[in-house]
Amino acid sequence: METNLRPTLAKPAVAGVSISSNAVAAPSTGGADGAGAPERTASAREQALAAQLAAQARPAPAPSRRGLANWDTRLQGHVASAQQALDYLDRVSSQLESVKAALSAKLANLKSGARDLEARARQLSATIAARSSQAGGAVDAELRFSDGAPARQRFRIGGLDLDTLQASAPVSLAFSVGGAGGPQLAAAIEAGMTPEQIAARLDRTLAPVKVRANLDERGRLEFSTEEANWPAVRDSIAISGRGRAGTEAVAPQSKLEGIGDIVGNDGGNADALRQSLREVVQALERVRRSQAAASAALSAATQRAVQPRMSPEDLAITAQDFASTAASHDYESLLAITSALVGVSRERVLALLGLR
């Protein structure tokens, strides 16, 4: 298989000129004056011509190895993540519009339009609850799209607030995350440090274990980690002298995940319905901004992923790379091949070749 995929590449040639590996033969001038010409130093013009021809005769630098040898898994991951996020946001947007219409009808005492309000609200609640598994990891709990960065879980650590830290300063804290025997991460909180400085100090200390610290919109100390990392962090933070530290997830500002229960329990409460309607309208605005951001990110990532038209030499190298990769036992390479060939049939290949 590998031999058949390795075409013979012809060496470049320049018509009318004989090129050896060491020199370029100049045309003979003939006559008495020309008899000694090969022994004399060539003129500047002849030297420039010789250099140009030699450069043309040298093999060109190997083209960048495209295809599987240069498969940008990160870029492909961005495309897949943005596509999943966009699909999820489209579904949420449609359900939010449906709940909004049903809430408006209910408030207007239009029974015919509000009959299925509870069912629509519970469907929306289920979709919001499934966000972490259906949105490609790029939509956070507030339904904001995060291009190129996984959604994060915000949380607080019990007993670790600004007032306590400033009152006990100077103090040295040693953290471990991930169970007993984990790495000890020390942070010194000094007297007179501002809230911003304390948050920055803790952020630098905990960054190696994928935990970040900052101040929330109300100036309170808050921590965060990637949602996928949250189960490993939630019950495994210990602080020297205090033992295991309790953590509390910060709930999203919107109550969309529980809107089905709210509507079901307070279906006749006009104030509760109006509050739900306000939250739905605000969520719709966020979702529309996220849809625009996800669509732009998907378009940009798709453009970057498009390979330029390949020359015959590049195609030959790609075919050779494919054959070599297919013959290897490297798991990542074989995984890339099988993923790329899903849905590729003989008929499709022949149809594409027919367009050449």
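Some details on the sheet that holds strand 7 (residues 243–244)
Reading across from one edge, 3-2-6-7 is the order of the four strands in this open sheet, with antiparallel pairing throughout. Two strands lie at the open edges of the sheet, namely strand 3 (185–189) and strand 7, each paired on one side alone. Pairing between strand 6 (residues 237–239) and strand 7: two bridges, direction antiparallel. What sits directly across from Ile239, in strand 7, is Gly243. Strand contacts of helix 8 (residues 195–206): strand 2 (171–177) and strand 3, with the helix running at about 170° to strand 3, the strand carrying the most contacts.

A few points about the sheet that holds strand 5 (residues 221–226)
Here we have four strands laid out as an open sheet, ordered 4-5-1-8, and antiparallel in their pairing. Two strands close off the open sheet at either side, each with one partner strand: strand 4 (212–215) and strand 8 (247–249). Averaged over all pairs of adjacent strands, the angle between strand axes in this sheet comes to 40°, irrespective of strand direction. Both strand 4 and strand 5 contribute to a ladder of four bridges, which runs antiparallel. Counterpart to Arg212 in the pairing with strand 5 is Ser224. Across the sheet, helix 8 touches strand 4 and strand 5, and the angle it forms with strand 4 is around 170°.

Section: the layout of surface pockets
In this model, the second largest pocket occupies a volume close to 660 Å³. As for the second largest pocket, its lining consists of 33 residues, of which Asp140, Ala141, Glu142, Arg152 and Arg154 are closest to the centre. No other element matches strand 1 (residues 152–157), which puts three residues into the lining of the second largest pocket.

A closer look at the packing of aromatic side chains
As enumerated under the stated definition, the model contains two aromatic pairs in all. Pairing Phe155 with Phe223 gives two aromatic rings, centres 5.9 Å apart and planes at 25°, and the pair type is stacked. Placement of the pair is Phe155 in strand 1 and Phe223 in strand 5, with a sequence separation of 68 residues. Here Phe155 and Phe223 have matching classes, each one buried. Note on Phe155: relative accessible area 0%, which makes it buried.

Thoughts on the pattern of salt bridges
If the charged atoms of two oppositely charged side chains come close together, the side chains can form a pair. Under the criterion given, the structure shown has 13 salt bridges. Of the charged contacts, one joins Arg131 and Glu227 as a salt bridge, the two residues approaching to 2.8 Å between their closest N and O atoms. One end of the pair, Arg131, is in helix 6 (residues 131–134); the other, Glu227, is in the loop between strand 5 and helix 9 (230–234), with 96 residues separating them in the sequence. For the pair Arg131 and Glu227, one class covers both residues: buried. The shortest N-O distance in the salt bridge between Arg201 and Glu190 comes to 3.8 Å. Of the two residues, Arg201 is situated in helix 8 and Glu190 in the loop between strand 3 and helix 8; the sequence distance between them amounts to 11 residues. For Arg201, a relative accessible area of 21% puts it in the partly exposed group. The class for Glu190 is partly exposed, based on a relative accessible area of 43%. Each member of the salt-bridge network shares a partner with another, and the members are Arg154, Arg156, Asp216, Arg220 and Glu222.

What about the confidence of the model for the protein?
Of all residues in the protein, 65% attain a pLDDT of 70 or more, and the chain-wide mean is 75. Within the model, pLDDT remains below 50 along residues 55–71, and this stretch shows 23 contacts once partners closer than five positions in the same chain are excluded.

Structural notes on the nonpolar core
Counting 33 residues, the largest nonpolar core has Val92, Leu96, Leu124, Leu143 and Leu256 as the members making the most contacts within it. Those elements that place two or more of their residues in this core are helix 3 (73–107), helix 5 (117–129) and helix 11 (270–305). Sort the elements by how many residues they give to this core and helix 3 lands first, with 12 residues. Once residues within four sequence positions are removed from consideration, Val92 is found in contact with Leu124, Thr127, Ile128, Leu143 and Val287.

Topic: helix 12 (residues 312–327)
Its 16 residues place the ends of helix 12 23 Å apart at the C-alpha level, agreeing with the 22 Å of an ideal helix rising 1.5 Å per residue. Inspection of helix 12 places Asp314, Ala316, Ile317, Asp321, Ala323 and Thr325 among the buried residues, and these make up the whole buried set.

Description of the environment of Gly158
Counting through the fold element by element, Gly158 comes out in the loop between strand 1 and helix 7 (162–168). For the pair Gly158 and Thr247, spaced 89 residues apart in sequence, the C-alpha to C-alpha distance is 5.9 Å.

Some thoughts on the pairing of strand 1
What you see with strand 1 is a clean split: Gln153, Phe155 and Ile157 sit on the buried side and Arg152, Arg154 and Arg156 on the side with no burial. In the sheet, strand 1 pairs with strand 5 via four bridges, with the strands oriented antiparallel. Its bridge partner lying in strand 5, Arg152 is registered against Glu226. By the bridge criterion, three bridges tie strand 1 to strand 8 in an arrangement that is antiparallel. Each bridged residue has a counterpart across the sheet, and for Phe155 the counterpart in strand 8 is Ala249.

Rules used throughout
Residues numbered from 1 in each chain as written. Predicted model: local features only at pLDDT ≥ 70, side-chain atom pairs only at ≥ 80, totals over all residues. Heavy atoms only, no water. Pairing = 2+ DSSP bridges. Helix = DSSP H or I, 4+ residues; strand = E, 2+ residues; numbered from the N terminus. Contact = heavy atoms within 4.5 Å. Axes fitted to C-alpha atoms, helices over the stretch in contact; angles between N-to-C directions. 1 Å grid on protein atoms, 1.4 Å probe; cavity = no way out; pocket = protein on both sides within 12 Å on 5 of 7 lines; lining within 4 Å. Points joined across faces, edges and corners; volume = space filled by probe spheres on them. Phe/Tyr/Trp six-rings, centres within 6.5 Å; stacked < 30°, edge-to-face > 60°. Buried < 20%, exposed > 50% of the residue type's maximum accessible area, 1.4 Å probe, protein only. Salt bridge = Lys/Arg side-chain N within 4 Å of Asp/Glu carboxyl O. pLDDT = per-residue confidence, 0-100. Core = buried A, V, L, I, M, F, W, Y, C linked by side-chain atoms within 4.5 Å. Expected span 1.5 Å × (residues − 1).

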